[in-house]
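Take a look at the letters that make up each chain.
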Amino acid sequence: MDLFLQRIFDGFTTGAIYAAVAVALVLIFKATTLINFAQGELAMAGAFVGYIFAVRSDVLDFISEEDSFTKTWVAAILAMIISAIMAMAVERALVRPFDPDDHLPVVLITLGLFLIINAVVGEIFNYQAQNPPMPGLFPNDFDNFWRIGGVTDAEGNVSGGARLFWDAAGIVLSLAAMLFFLYLLLNKTKMGLAFRAVSSNVESARLVGVRTGRVLGFGWALAAAFGTLGAILVAPRLSLQPNMMAVVLIYALAGAAIGGLDSLGGAAVGGLIIGLVNSVGVGYISDWEPFEFLRAIPLFLSLIAMLLTLLYRPSGLFGTKRVERV
Amino acid sequence: MTIAETESRGAAGSSKEIMLSVSGLEASYGAVQVLRDLSLDVPKGEVVVVLGANGAGKTTTLRSICNMVTCSGSVTLEGDEIGKMNTADIVNRGVAHVPQGRGTFPELSVKDNLYVGAYTRSDKGGVEDDIALWFEKYPVLGERHDQAAGSLSGGEQQMLAVSRALMSRPKVLLLDEPSLGLAPIIIEDLFQTFKQINEEQGTTMLVVEQNANLALDIATKGYVLEAGEIVLEGDAKQLQNDPAVQEAYLGG
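First things first, this report covers the structure right here in the doc. Every value quoted in this text rests on a predicted model; they were computed, and no experiment measured them.

Residue and element names in this part refer to chain A. Two numbers describe how helix α1 (residues 2-32) lies on helix α8 (residues 212-238): the axes approach to 8 Å, and their chain directions differ by 170 degrees. Here α1 lies roughly antiparallel to α8, going by the angle between them. Here I17, A20, V21, V23, A24, L27, I28, A31 and T32 of α1 come into contact with α8, specifically with V215, L216, G219, W220, L222, A223, F226, G227, L229, G230, L233 and V234. Taken together, the residues that form the contact of α1 with α8 break down as 17 nonpolar, 4 polar and no charged.

Here's what the structure looks like:
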């Protein structure tokens, strides 16, 4: 029971990070009906921007040393804003000039961006895990956890039980807060209305006076901010380095596909499902000898989960079924 | 509801003030020329209809006015050239367009469709009043204001598309085959509604249609488009009685 609970906690934590990146992918997909393969690298670059503010540069040193969490949070928010601006510039300069109905050039551009961003960050910071490491947004020392269950011995020492680490809870809550913010932005603001209009019917959106280009830029900016938050949350766990998002992106893609590529809520659920499959599914199935190999390649089970979902629901759990009228 | 009509900048020498004027319009898709030297005038406060068979260039004419296709020629709104502007600016100037096949936002709620229609407006109170007005006019939209527009019937969606377009309080409304795919009884209702809106609000309309009879009934003036060229123009009544038009578009 303790082990099961532990695996659930772990699954939700990694799942929340996949969910953040999956939501970023879906934001772009809803606006442009294409997958931004550079999403993970944009997020990684954003995390490095946060790293510069939090560790490498002294611009935030006016925030007192004792209060290192405030400093990290300010760095993270600055990184989200800067990566949003960078993403808008990328969209304006490299994506918008191309015909939106012709997907191939834009997909090639996002693949090119993937390589360029990775190489540039690698060139500046090298490909090692960064030292000093990226500080966490939440206390993440070894003893920062709540114990659930467990037994107390005669001397009053507690052992066993499931450990809910503070930073794990913080990661899940951050995702929930971000989703809530996104909900308000899309449903209560004029720009949000324009975004939903463009993703529902681009042509009619233009005909009511929506400047679709600006809306696409807004989508890219939101996606970059979301991805950057995910990358900053995951950085202390994976250790900050230029290749850290490559695997996260694959899991996030699987999550987005399971949830339905055009559903933001679906992406969040899909990301969490992938997290749980990885932790609970791989955890238990790999105990069985023929499937021990899963420990080495846990991705296998996630992709099976995606395959099965798509086999029975081709548009994902929450995606809209597209019916083309001809 | 009244629309403030403050501008009175009529074309000199003409008895009627021209709201929308198109001249020398040419459009092509690749090597295929769709419109040839097309010119038409829409007088203020009137309903003008463009008749034509499938492929005559009706939709392209409307899309050219909104600069949604590559085209050349001149388009003026109340005398100001709008031909080179981008679509959003043209809409801002007061052109509303109901595209063929309804053009609602199927995933958005009925109410959000109306809000999007008022995208260019910044008077919040006025927008709310207008929404209330449309819900009063079409109670079915009011009853289903929370429902996704895609779940409405074809006729209801067309009503929504028209209401959506009028939410911007346009000077001129472009209607692209509003009767397409609707039952005859609903089409009749719809054209009555157009007439009513035109009379009550003074909205100028340019309608392209295959359903010639109903369209000519509510129009003051008509054009006949064939293979991208205007082959005939005149008063609506005159066209209704024209033997050539009767044979081609009114079923003899």
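Facing 19 residues of chain B, the contacting portion of chain A comprises 15 residues. Going through the elements one at a time, α2 (87-93) and α3 (110-117) of chain B are the ones with two or more residues in the side of chain B that touches chain A.

A few words now on helix α6 (residues 190-200) of chain A. Of all 11 residues that make up α6 of chain A, 8 are buried, and the element is covered over most of its length. Those residues of α6 of chain A not exposed but buried are L193, A194, F195, R196, A197, V198, S199 and S200 of chain A. Close packing links the buried residues of α6 of chain A with α1, α5 (166-188), α7 (202-207) and α8 of chain A together with α3 of chain B.

Moving on: the sheet that holds strand β4 (residues 71-77) of chain B. Strand pairing within a sheet occurs via backbone hydrogen bonds; the two strands may be parallel or antiparallel. Residue and element names in this part refer to chain B. The strand order β2-β1-β4-β5 describes an open sheet built from 4 strands, whose pairing is antiparallel. A single partner strand is all that each edge strand has here, and the edge strands are β2 (32-43) and β5 (80-81). Here strand β1 (residues 18-29) runs beside β2; their pairing, made up of 8 bridges, is antiparallel. Note that in β2 the partner of I18 across the bridge is P43. Its contacts with the sheet put helix α1 (residues 58-65) on β1, β2 and β4, and the angle it makes with β2 is roughly 70 degrees.

Next up on the list: the pairing of strand β3 (residues 47-52) of chain B. All names here are of chain B. Among the 6 residues in β3, 6 count as buried, and that is most of the element. Here β3 shows two buried faces, one formed by V47, V49 and L51 and the other by V48, V50 and G52. Examined bridge by bridge, β3 and strand β8 (residues 204-209) share 5 bridges and lie parallel to one another. The residue of β8 that forms the bridge with L51 is E209. Two elements, β3 and strand β9 (residues 221-226), share 5 bridges in a ladder whose sense is parallel. Bridge pairing in β9 places G52 opposite L225.

Analysis parameters
- Residues numbered from 1 in each chain as written.
- Chains lettered and ligands numbered in written order.
- Predicted model: local features only at pLDDT ≥ 70, side-chain atom pairs only at ≥ 80, totals over all residues.
- Axes fitted to C-alpha atoms, helices over the stretch in contact; angles between N-to-C directions.
- Helix = DSSP H or I, 4+ residues; strand = E, 2+ residues; numbered from the N terminus.
- Parallel < 35°, antiparallel > 145°, perpendicular 65-115°, else oblique.
- Contact = placed C-beta atoms within 7 Å.
- Nonpolar A, V, L, I, M, F, W, Y, C, P; charged D, E, K, R; others polar.
- Buried ≥ 20, exposed ≤ 12 C-beta atoms within 10 Å, placed from the backbone.
- Pairing = 2+ DSSP bridges.

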